[in-house]
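# Architecture and fold: a report
Here's the letter readout for the chains.
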Amino acid sequence: MIRLLHRWPALLAMLLVLMLSLSGAALSVFPAADRFTAPQESASLSVADLASRIKAEHPGVEQIKRAPSGRITAYWFNGDVAEAATIDPATGKAVASADPNAVQRWLTNLHRSLFLDDSGRIVMALGALAMLVLALSGSLLVARRAGGWRQWFSPLKGPLAGRLHVEIARIAVAGLMLSSATALWMTASTFGLLPDQPAALVTPADVSGNTGVPVATIDFLKATPATSLRELSFPAADDPTDVFTLKTNAGAGFIDQGTGGLLAWKDLTGWERVSETIYMLHTGQGAATLGLILGLLALGVPVMAATGTIIWYAARRGRPRITGNVPLAKAETVVLVGSEGGSTWGFAATLHKALREAGHTVHAAALSSFDPSRLGHAHRVIILAATYGNGDEPSSAKGFLAKLAAMETPPAAQLAVLGFGDSSFPAFCGFAQRIATTAAHKGWTQFLDIATVDRQSPQDFARWGSDLGTLMGLPLDLVHQPVLPAAAPLTLLTRRDYGADVQAPSAILRFSVPKSSLWQRLTGTGFARFEAGDLLGIIPEGSTVPRFYSLASGASDGFIEVVVRRQPGGLCSGQLTMMEPGETAQAFLKSNPAFRIGEGSAPVILIGAGSGIGPLAGFVRANAQSRAMHLFFGMRHAASDFLYGEELVQWHEEGKLTSLVSAASRGKRPHYVQDALCAEAADVLQLIAEGARIMVCGGREMAAGVSETLGHIMAPAGLTPAMLRAEGRYFEDVY
């Protein structure tokens with residue numbers, strides 16, 4: 001809901017909001033320029049002294065005005081010609097023209113009303129309202145993305161457009177809220193919707209009837225600082241009933257022109273003071289520095305508009321079109337989708353098409369739109385739910401579990417849940433499991449047991465579709481062709497070979513980084529941004545199914561590096577391990593946010609065997625802050641397959657690697673990485689007590705053995721690997 005509240009005002013009112021922000025930013029310069037160019041009065045100068053100096057230079061003066069910037073303007077008649085000038089308060093002399101700045105006047109009319117008077121003011125007020133909605137909803141989204149209000153300025157990851165959008169929002173949102181809220185207040189005041197209009201002062205009838213009192217002798221004007229002056233109007237000398245009219249930042253009143261006595265005075269009301277403060281905050285008049293700051297923050301709006309459009313377009317492009325989607329109230333089957341990157345929507349489109357071709361009416365929507373009261377006459381609800389990160393809900397499923405938990409009675413439609421995930425992660429399909437568990441607890445009947453699709457497997461999806469079709473009494477052949485990211489040719493730069501002597505040929509392959517377009521850098525697509533631990537998808541020759549390898553490098557390294565072990569009969573590993581420098585392979589990147597060492601200074605325990613050292617070496621290589629990192633590395637024989645042996649020594653000397661414990665399963669003293677952990681059990685337990693994060697990479701059997709060993713090591717402290725996983729301190733990348 002918050003995303004929709006943020007997205008649609010931005011898309012619908014983008015041009016209006018851009019016009020408001022750019023014109024406002026331009027107008028913010030004028031108060032500062034006026035403040036620095038206008039002659040300023042001394043703090044001790046009184047209105048009486050100022051008025052007497054001006055009258056001495058311009059005997060026919062009729063009015064004196066002081067702007068919030070300090071600029072003083074006098075108006076008089078020279079014969080029958082009306083004249084005006086900017087005044088130097090020290091001398092009373094005219095020093096500059098009082099003609100208004102034509103550019104400022106044009107921008108002000110554009111900013112306030114689009115040159116359309118009252119109707120234009122209403123339109124611009126709607127633009128201000130849209131900006132306020134954007135600022136409020138954007139604040140909630142930023143807080144949610146950062147992990148709470150206390151993490152407002154926490155480091156960001158992801159595509160450049162998304163990071164730039166949030167970074168600017170975190171800085172500018174307070175200023176945008178202030179500007180838009182004050183604009184709405186001023187519009188309401190203009191249309192008389194607020195009780196802030198000044199009450200008219202009635203000219204008193206009991207004047208002295210005399211004229212000619214010297215302005216310099218009027219006590220009230222002598223006691224009024226010139227810095228508080230707003231306006232002083234002189235009486236007509238030939239009209240004994242006329243009076244001085246004085247307006248200051250405290251109120252307004254009348255002064256007898258014959259005696260100099262104060263005839264009437266009215267202080268500003270609380271509403272008037274608030275409105276004047278609002279005016280100052282919005283325009284910068286009287287607060288030039290604040291105005292410049294708000295104007296600078298307003299310049300972030302065009303950038304956020306551009307990056308927001310890129311984010312919206314990228315998400316829309318990644319989501320397939322679903323044709324024949326009937327309204328929710330008319331659907332027999334409702335398909336609800338929880339997806340982060342858009343791939344689960346592809347499976348939903350395949351299911352939707354198959355059901356529709358079988359004669360069913362189907363409605364597909366995001367999980368976040370779930371409303372049990374609006375399911376109409378649906379017979380079944382099918383949930384396709386991906387798991388994001390460490391068991392979290394994906395972006396299109398925000399708030400679904402809360403709605404499910406708050407449901408008082410279960411829907412009449414029966415439920416089926418299909419989870420999508422990667423079994424190499426500890427929380428495999430964790431979000432889908434939570435949906436099924438919560439639904440069962442609420443009494444929602446599930447006509448099909450929860451099933452899972454591992455790594456977007458078309459085979460897993462087809463098997464589930466067969467079971468679904470059997471229960472629905474129709475042949476359901478779900479043939480899904482995943483839409484892969486656009487692949488690019490990677491050119492091999494260098495290779496280093498290991499393990500041939502122990503029948504485990506492996507290679508460290510280093511590829512050049514393809515050039516990225518500006519669009520790819522903004523959206524984070526292609527090879528614009530990657531980290532050690534992300535996945536390199538290789539499309540082998542003769543196949544359309546990619547194989548994934550964990551990266552041993554990041555974008556800042558300037559190259560793409562993976563460790564590949566040749567598998568017997570392996571199509572992709574065989575191709576890669578036979579490549580020579582200069583040859584190319586088709587590849588793409590896939591983010592792997594569930595295998596990150598994270599921020600902070602807590603120590604890191606890296607555990608890997610064989611080619612599993614790849615991402616671990618990448619973590620060490622990127623450890624410019626010299627964070628404590630302890631590596632446990634298992635191999636077959638130190639003489640033949642000690643991957644990264646030379647670099648590990650160098651990284652230890654540079655302070656990037658704190659300690660290295662190796663284990664060789666062949667040789668004089670055969671032992672495994674689990675044995676190495678047992679030998680260092682006391683140190684390992686101490687590191688865990690200090691808050692260490694554990695990163696495990698390698699084969700499934702190795703990872704299972706490591707988990708069991710660590711369980712024994714941590715038992716005296718009352719800890720288990722499962723507990724560390726729940727705390728976000730234990731991560732696996734296994735194959």
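Whatever comes next refers back to the structure up there.
Below you will find a few notes about this structure.

### Looking at the overall build of the protein
Looking only at helices and strands, the protein has 23 helices and 24 strands in total. In terms of overall dimensions, the protein is more spread out than a globule: its C-alpha atoms have a radius of gyration of 36 Å, far above the 27 Å expected for 735 residues. If one aligns the C-alpha atoms of the protein with their principal axes, the spans along those axes are about 120 × 70 × 55 Å. Across the 735 residues of the protein, 48% fall into the buried class. Working note: accessible area of the protein is about 34,600 Å², and carbon and sulfur atoms make up 57% of it. The distance from the centre of the 60 positive side-chain charges to the centre of the 60 negative ones in the protein is 6 Å.

### A few points about the side chain of Gln 63
When you line up the elements, Gln 63 lands in strand β1 (residues 61–66). Within the structure, the side chain of Gln 63 is placed 3.0 Å from the side chain of Glu 231, a separation counted as a polar contact. Only 3.1 Å separates the side chain of Gln 63 from the side chain of Ser 233, close enough to count as a polar contact. With sequence-adjacent residues up to four places away left out, Gln 63 is seen in contact with Thr 73, Ala 74, Tyr 75, Glu 231, Leu 232, Ser 233 and Phe 234.

### Quick word on the packing of helix α7 (residues 160–190) against helix α9 (residues 270–283)
Where α7 meets α9, the closest approach of the two axes is 9 Å, and the angle between their N-to-C directions is 130°. The orientation of α7 with respect to α9, classified from their angle, is oblique. As α7 runs across α9, the sense of the crossing is left-handed. In this structure, α7 contributes Leu 178, Ser 179, Thr 182, Ala 183, Trp 185, Met 186 and Ser 189 to the contact, and α9 contributes Trp 271, Val 274, Ser 275, Ile 278, Tyr 279, Leu 281, His 282 and Thr 283. When the residues that make up the contact of α7 with α9 are grouped by side-chain class, the tally is 9 nonpolar, 6 polar and no charged.

### Notes on the pairing of strand β20 (residues 604–609)
Burial of β20 is extensive: 5 of the 6 residues sit out of reach of the surface. Pairing of β20 with strand β21 (residues 629–635) involves 6 bridges; the strand directions are parallel. Along β21, the bridge assignment pairs Gly 608 with Phe 633. Between β20 and its parallel partner β21, the chain crosses via helix α18 (residues 613–621), and the hand of that crossover is right-handed. Pairing geometry for β20 and strand β23 (residues 693–698), over 5 bridges, is parallel. Bridge pairing links Gly 608 to Cys 697 in β23.

### A few points about the packing of aromatic side chains
In this structure the tally under the stated criterion is 15 aromatic pairs. An angle of 55° between the planes, with centres 5.4 Å apart, marks the rings of Phe 220 and Trp 265 as tilted. Linking Phe 220 in helix α8 (residues 219–222) with Trp 265 in strand β8 (residues 262–267), this pair joins segments that are 45 residues apart in sequence. Where Phe 370 meets Phe 400, the ring centres are 5.1 Å apart and the plane angle is 70°; that geometry is what we call edge-to-face. Of this pair, Phe 370 sits in the loop between β10 (362–366) and β11 (380–386) while Phe 400 sits in helix α13 (residues 400–406), placing them 30 residues apart in sequence.

### A closer look at a nonpolar patch on the surface
On the surface, Ile 122, Leu 126, Leu 129, Phe 191 and Leu 193 cluster together into a nonpolar patch covering about 480 Å² of accessible area. Structurally, Leu 129 can be placed in helix α6 (residues 117–146).

### Points about helix α22 (residues 700–714)
For α22, which comprises 15 residues, the first-to-last C-alpha distance of 21 Å matches the rise-based estimate of 21 Å (1.5 Å per residue) to within 8%. Looking at α22, one finds that the buried residues are Met 702, Ala 703, Gly 705, Val 706, Ser 707, Thr 709, Leu 710, Gly 711, Ile 713 and Met 714. Contacts made by the buried residues of α22 are with β20, α20 (673–679), α21 (681–689), β23, α23 (721–726) and β24 (730–734).

### Some details on the pattern of salt bridges
Throughout the structure, instances matching the rule amount to 17 salt bridges. Close ionic contact of Glu 727 with Arg 729 constitutes a salt bridge, the shortest N to O distance being 3.0 Å. With a relative accessible area of 47%, Glu 727 lands in the partly exposed category. Judged by relative accessible area, Arg 729 falls into the buried class, the value being 15%. One salt-bridge network, held together by shared partners, links Arg 510, Asp 557, Glu 561 and Arg 621.

### Concerning the state of the cysteines
In the structure shown here, the tally under the stated rule is 0 disulfides. Counting only cysteine sulfurs, Cys 697 is the nearest neighbor of Cys 572, a cysteine outside any disulfide, at a range of 16 Å. The class of Cys 697 is buried, set by a relative accessible area of 1%.

### With respect to the environment of Leu 141
Mapped onto the elements, Leu 141 comes out in helix α6. Placed 25 residues apart in sequence, Leu 141 and Val 166 show a C-alpha to C-alpha distance of 9.1 Å.

Reading guide: rules and limits
Along each chain, residue indices are assigned from 1 in the same order as the chain's sequence is written. Residue-level local features of this predicted model are given only where pLDDT is at least 70; pairs of side-chain atoms are given and counted only at 80 or more, and the full residue set underlies all totals for whole chains, interfaces and linings. Side-chain figures throughout are based on the complete set of non-hydrogen atoms in the structure, without hydrogens or water. Put simply, DSSP H or I for four residues or longer makes a helix, DSSP E for two residues or longer makes a strand, and each gets a number counted from the N terminus. Using C-alpha atoms as the atom set, the radius of gyration is obtained and then compared with a globule rule of 2.2 Å times the number of residues to the power 0.38. Each residue gets one of three labels from its accessible area relative to the maximum for its type: buried under 20%, exposed over 50%, partly exposed in between, using a 1.4 Å probe on protein chains only. Here the accessible surface of atoms and residues is derived via Shrake-Rupley with a 1.4 Å probe, and residues count as covered only by protein chains that are part of the display. A residue counts as positive if it is Lys or Arg and as negative if it is Asp or Glu; His and the chain ends are not included. Note that the charge is assigned to NZ on lysines, CZ on arginines, CG on aspartates and CD on glutamates. Any N or O atom pair separated by 3.5 Å or less is treated as a polar contact, with the protein-specific requirement of one donor-capable and one acceptor-capable atom, and with residues adjacent in sequence counted only for side-chain atom pairs. Note on contacts: a residue pair is in contact if any heavy atoms of the two residues lie within 4.5 Å. With axes taken as lines fitted to C-alpha atoms, and helix axes fitted only over the stretch in contact, angles between N-to-C directions fall between 0 and 180 degrees. Oblique is the label for any angle not covered by the other classes, which are roughly parallel (under 35 degrees), roughly antiparallel (over 145) and roughly perpendicular (65 to 115). For any pair of crossing helices, the crossing counts as left-handed if the nearer helix is rotated counterclockwise from the farther one by less than a right angle, and right-handed if it is rotated clockwise. Just so you know the grouping, Ala, Val, Leu, Ile, Met, Phe, Trp, Tyr, Cys and Pro go in nonpolar, Asp, Glu, Lys and Arg go in charged, and all remaining residues, Gly too, go in polar. A pair of strands is considered paired only if DSSP assigns at least 2 bridges between the two. A crossover gets the label right-handed when its path from the first strand over the helix to the second runs clockwise, viewed with the strands pointing away from the viewer. Any Phe, Tyr or Trp ring, taking Trp's six-membered ring, that has another such ring centre within 6.5 Å forms a pair; planes under 30 degrees apart are called stacked, those over 60 apart edge-to-face, and the others tilted. Residues forming no salt bridge and having over 30% relative accessible area are the ones grouped into patches, like charges within 9 Å of each other and nonpolar side chains (Val, Leu, Ile, Met, Phe, Trp, Tyr) within 5 Å. Basic side-chain nitrogens of Lys or Arg form a salt bridge, by our definition, when they fall within 4 Å of a carboxyl oxygen of Asp or Glu. Helix span, expected: 1.5 Å multiplied by one less than the number of residues in the helix. Sulfur atoms of two cysteines make up a disulfide when they are within 2.5 Å.

All quantities given are derived from atomic positions and should not be read as evidence of function.
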